[in-house]
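Spelled out, the chains give:
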Amino acid sequence: MIAIDAVSKEFETKGGRRHLAIDDIGLAVADGEFVSILGPSGCGKSTLLYIVGGFVPPSRGSVTVGGKPVTGPGPDRGPVFQEFALFPWKTVLGNVMYGLQQQGVGRTQARERARALLAMVHLEGYESFYPKELSGGMKQRVAIARTLAYRPSILLMDEPFGALDAHTRTRLQNDLTEIWERDRKTVLFVTHSVEEAVFLSDRVVVMTRSPGRIKEIVTIDLPRPRDRVTLLLERRYQDHVVAIERMMDAQE
Amino acid sequence: MTRLPGIPGLAPLVAFAGLLAGWEVAARGIGIDGLPPASRALAEVPGILADPESLINIGASLYRMALGFALGVAVAVPVGLMMGRSRHVAAFFNPLLMVIYPVPKAALMPIIMLWLGVGDASKTLVIFLGVSLPVVYHSYQGGRAVEEKMLWSAAAMGMGAPARLLRIVLPAALPEILVGCRTGLVLALITMVTSEMIARQSGVGNILFNSLDMAQYDTVYAMIVIIGVLGLALDAAFERLRAALVGWAEPSQALMVGTT
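Residues numbered from 1 in each chain as written. Chains lettered and ligands numbered in written order. Predicted model: local features only at pLDDT ≥ 70, side-chain atom pairs only at ≥ 80, totals over all residues. Heavy atoms only, no water.

1. A few points about the overall build of chain B
1) Next: When you go through chain B residue by residue, the secondary structure sums to 11 helices and zero strands.
2) Next: Going from the N terminus to the C terminus, chain B shows its helices and strands as α-α-α-α-α-α-α-α-α-α-α.
3) Next: Based on the C-alpha atoms only, the size of chain B along its principal axes is roughly 70 × 55 × 30 Å.
4) Next: Out of the 260 residues in chain B, the part that is buried amounts to 42%.
5) Next: Considering only contacts within chain B whose residues lie at least 6 apart along the sequence, 70% involve residues at least 24 apart. (Helix = DSSP H or I, 4+ residues; strand = E, 2+ residues; numbered from the N terminus. Buried < 20%, exposed > 50% of the residue type's maximum accessible area, 1.4 Å probe, protein only. Contact = heavy atoms within 4.5 Å.)

Structure, rendered in structure tokens:
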């Protein structure tokens, strides 16, 4: 369980002025819940994710995970970034094994688990490729496998499909729901796509433009496992998308 | 531009042949002692390379160059990477480097000779200084450009800050570091020759300037050719090493090296 309590973040701008990126955010995410944070660019939604990850300290407020205060990054919270952030000097297999070996898992065992994960993200046969030889979608699959490898209980996904073309994006969304259905990890998912948020999430947190505050939290009461085509025809799905689009428009 | 067809490496061969032919014709046309024809200078090369005395000199030069280069890289890479990752370290070293940067390292040679004498230590120190600056600069740039998210990914795996510097920053910055090392290698050769020119005792610079004093111009030119070929060979060897070490790098990084 993630508890975000009255978190604010101020940055110092180049000119020395203070910029309030997010203001007084309070949010509780239950174990196994898939929560999206949706907002216009510059609303500080990624910053909130980085604070939960322990990569960036909050200016005020606190975050606890499983009752313990967050003081830095840890393997219980696995990040997946829009920029993939793969280690370019490691092969695909080396990237996925990296976290396991860092955790002290033996080479043979790490390799076995890495291979299984690569199969799960449909990348069999690419084990010895280097990241530069892969397309964006494949890179993100490797990054997801790399993070899943060390078994974080929470996934922190920072616009993971934002840099991909529409077709690849849809495929990866489908794959992510499939992976999530297997062990239902807690997921905090940052996006600016309304359809993506509604399709994937149990709850959608809509944020206001800068400074980022929570405008509204929408519960997505659609049955799981979700299938895209059935969902597109579903009235409740359409209603959620339209309602949230309106909320976003109202801020313009 | 159209490329010369057929044999790879033909273009540079043609360029070298042209250079030698131009030299030959100019020397024969002008006909002064200070510019012997290419054929006469080149004829001296086997003699120099067969002479144990010169080989000892060349060996001594290469030894000092290798030592100065290795020490320079060993000090400059950690300093540069730490500058790249910490604003405080950068603020400390930057002014020092700005002061040292425009000073010709050979100009420090007389002072260094006062401290360390005319032997290997002085020359190696000058080579070390010549190598360090480009390597520090490129390591600094490389360290600074390491993607934050890559470090965060490692931190989430439970990797501490010192380990990240060694296992993430160093390999991520390696393509840029090696660009600096390549420049450093050429500067090592240059400072090696100049240091031997100032403190004449042994080495290729010593042979070159002694021959000049004795008006053995064929030998002077032959030595320049030998130093040139040495530089080319070292650079080519380094380029192969670089390609083997950072073949994984994105093309944008590889392009910064320029050639190939």
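2. Thoughts on a nonpolar patch on the surface
1) Next: Among the surface-exposed residues, Phe92(B), Leu96(B), Val99(B) and Ile100(B) lie close enough to one another that they form a single nonpolar patch of about 390 Å² accessible area.
2) Next: Summarising the element assignment, Ile100(B) is placed in helix α4 (residues 87-100). (Patch = residues over 30% accessible without salt bridge, like charges linked within 9 Å, V, L, I, M, F, W, Y side chains within 5 Å. Areas by Shrake-Rupley, 256 points an atom, 1.4 Å probe, with all protein chains shown as cover. Salt bridge = Lys/Arg side-chain N within 4 Å of Asp/Glu carboxyl O.)

3. So, the pairing of strand β10 (residues 214-219) of chain A
Residues and elements named next belong to chain A.
1) Next: In this structure, strand β9 (residues 203-207) lies alongside β10, joined through five bridges in antiparallel fashion. Residue pairing in the sheet places Val206 in a bridge with Glu216 of β10.
2) Next: Here β9 folds back onto β10 in antiparallel fashion, the turn holding six residues. (Pairing = 2+ DSSP bridges.)

4. Observations regarding the confidence of the model for chain B
Residue and element names in this part refer to chain B.
1) Next: Here chain B averages 90 in pLDDT, and 94% of its residues register 70 or above.
2) Next: The weakest mean pLDDT in chain B belongs to helix α11 (residues 251-255) at 49; the strongest belongs to helix α7 (residues 148-156) at 97.
3) Next: Here residues 253-260 is modelled with pLDDT under 50, and outside its nearest four sequence neighbours on either side it reaches nine contacts, counting other chains as well. (pLDDT = per-residue confidence, 0-100.)

5. Structural notes on the environment of Leu176(A)
1) Next: The topology assignment puts Leu176(A) in helix α5 (residues 166-183).
2) Next: Through-space distance from the C-alpha of Leu176(A) to that of Val206(A) is 21 Å; in sequence the pair is 30 residues apart.

6. Examining the interface of chain B and chain A
1) Next: Facing the 20 residues of chain B at the interface are 25 residues of chain A.
2) Next: Both sides of the chain B and chain A interface together cover about 2000 Å² of buried area, and 65% of this is carbon and sulfur.
3) Next: It is Trp152(B), Met157(B) and Trp248(B) that lose the most area in chain B upon contact with chain A, and together they represent 37% of the buried surface on that side.
4) Next: Applying the counting criterion to the chain B and chain A interface returns one salt bridge.
5) Next: Taking the shortest distance from any N to any O, the salt bridge between Glu83(A) and Lys149(B) comes out at 2.8 Å.
6) Next: Our count for the contact surface shared by chain B and chain A stands at eight residue pairs in polar contact (both at pLDDT 80 or more).
7) Next: The element that contributes the greatest number of residues to the side of chain B that touches chain A is α7(B), accounting for seven residues.
8) Next: Looking at the side of chain B that touches chain A residue by residue, the class counts come to 13 nonpolar, three polar and four charged. (Buried area = accessible area lost by both parts, 1.4 Å probe. Polar contact = N/O pair within 3.5 Å; in protein donor to acceptor, adjacent residues only side chain to side chain. Nonpolar A, V, L, I, M, F, W, Y, C, P; charged D, E, K, R; others polar.)

7. Some details on the nonpolar core
1) Next: Core analysis: the biggest nonpolar cluster contains 84 residues, and Ile2(A), Ile4(A), Val63(A), Phe87(A), Leu188(A), Ile168(B) and Cys181(B) have the highest contact counts within it.
2) Next: In terms of residues, this core owes the most to one element, helix α8 (residues 161-198) of chain B, which gives 12 residues.
3) Next: Counting residues in each nonpolar core, the second largest holds 51 residues, with Leu93(A), Val96(A), Tyr237(A) and Met247(A) among its members. (Core = buried A, V, L, I, M, F, W, Y, C linked by side-chain atoms within 4.5 Å.)

8. Observations concerning the pairing of β9(A)
Looking along a regular strand, one sees the side chains alternate between the two faces of the sheet.
Residues and elements named next belong to chain A.
1) Next: In terms of burial, β9 is a largely internal element, five of the five residues being buried.
2) Next: Taking every second residue as pointing to the same face, both faces of β9 are buried, with Arg203, Val205 and Met207 on one and Val204 and Val206 on the other.
3) Next: Pairing of strand β3 (residues 34-38) with β9 involves four bridges; the strand directions are parallel. Residue pairing for β9: Val35 is matched across the bridge by Arg203.

9. Quick word on the sheet that holds strand β5 (residues 68-69) of chain A
Residue and element names in this part refer to chain A.
1) Next: Spatially, β2-β1-β4-β5 is the arrangement adopted by the four strands of the open sheet, whose pairing is antiparallel. One side of each edge strand has no neighbouring strand; the edge strands of this open sheet are β2 (18-29) and β5.
2) Next: The sheet contact formed by strand β4 (residues 60-65) and β5 spans two bridges and is antiparallel. Its bridge partner lying in β5, Val65 is registered against Lys68.
3) Next: Against the sheet, helix α1 (residues 45-53) touches β1 (2-12), β2 and β4, its axis set at about 120° to β1. (Axes fitted to C-alpha atoms, helices over the stretch in contact; angles between N-to-C directions.)

10. Observations concerning the pattern of salt bridges
Opposite charge on two side chains lets them pair, provided their charged atoms get close.
All names here are of chain A.
1) Next: Using the criterion set out here, one finds 24 salt bridges over all chains in the structure.
2) Next: Two residues, Arg213 and Asp23, come together in a salt bridge whose shortest N-O distance is 2.8 Å. Remark: Asp23 occurs in strand β2 and Arg213 occurs in the loop between β9 and β10; sequence separation between them is 190 residues.
3) Next: In this structure, Arg203 engages Glu33 in a salt bridge whose closest nitrogen and oxygen atoms are separated by 2.5 Å. Residue Arg203 is found in strand β9, and its partner Glu33 is found in the loop between β2 and β3; the two are separated by 170 residues along the sequence.

11. A few points about the packing of α8(B) against helix α10 (residues 217-245) of chain B
All names here are of chain B.
1) Next: Contact geometry for α8 and α10: axes closest at 10 Å, N-to-C directions at 160°. Relative to α10, the element α8 lies roughly antiparallel. Two packed elements cross with a definite hand, and for α8 against α10 that hand is right-handed. On α10, the residues that touch Leu178, Cys181, Arg182, Leu185, Leu189 and Val193 of α8 are Ile227, Leu230, Gly231, Leu234, Asp235, Phe238, Glu239, Arg242 and Leu245.
2) Next: Residues of the contact of α8 with α10, tallied by class, amount to 10 nonpolar, one polar and four charged. (Parallel < 35°, antiparallel > 145°, perpendicular 65-115°, else oblique. Left-handed = near helix turned anticlockwise from the far one by under 90°.)

12. Things to note about the side chain of Glu33(A)
Residue and element names in this part refer to chain A.
1) Next: Take Glu33: its relative accessible area is 13%, and that puts it in the buried class.
2) Next: Within polar-contact distance, the side chain of Glu33 engages the backbone nitrogen of Ala30 at 2.9 Å.
3) Next: Setting aside chain neighbours within four positions, we find Glu33 in contact with Ala28, Lys185, Thr186, Val187, Asp202 and Arg203.

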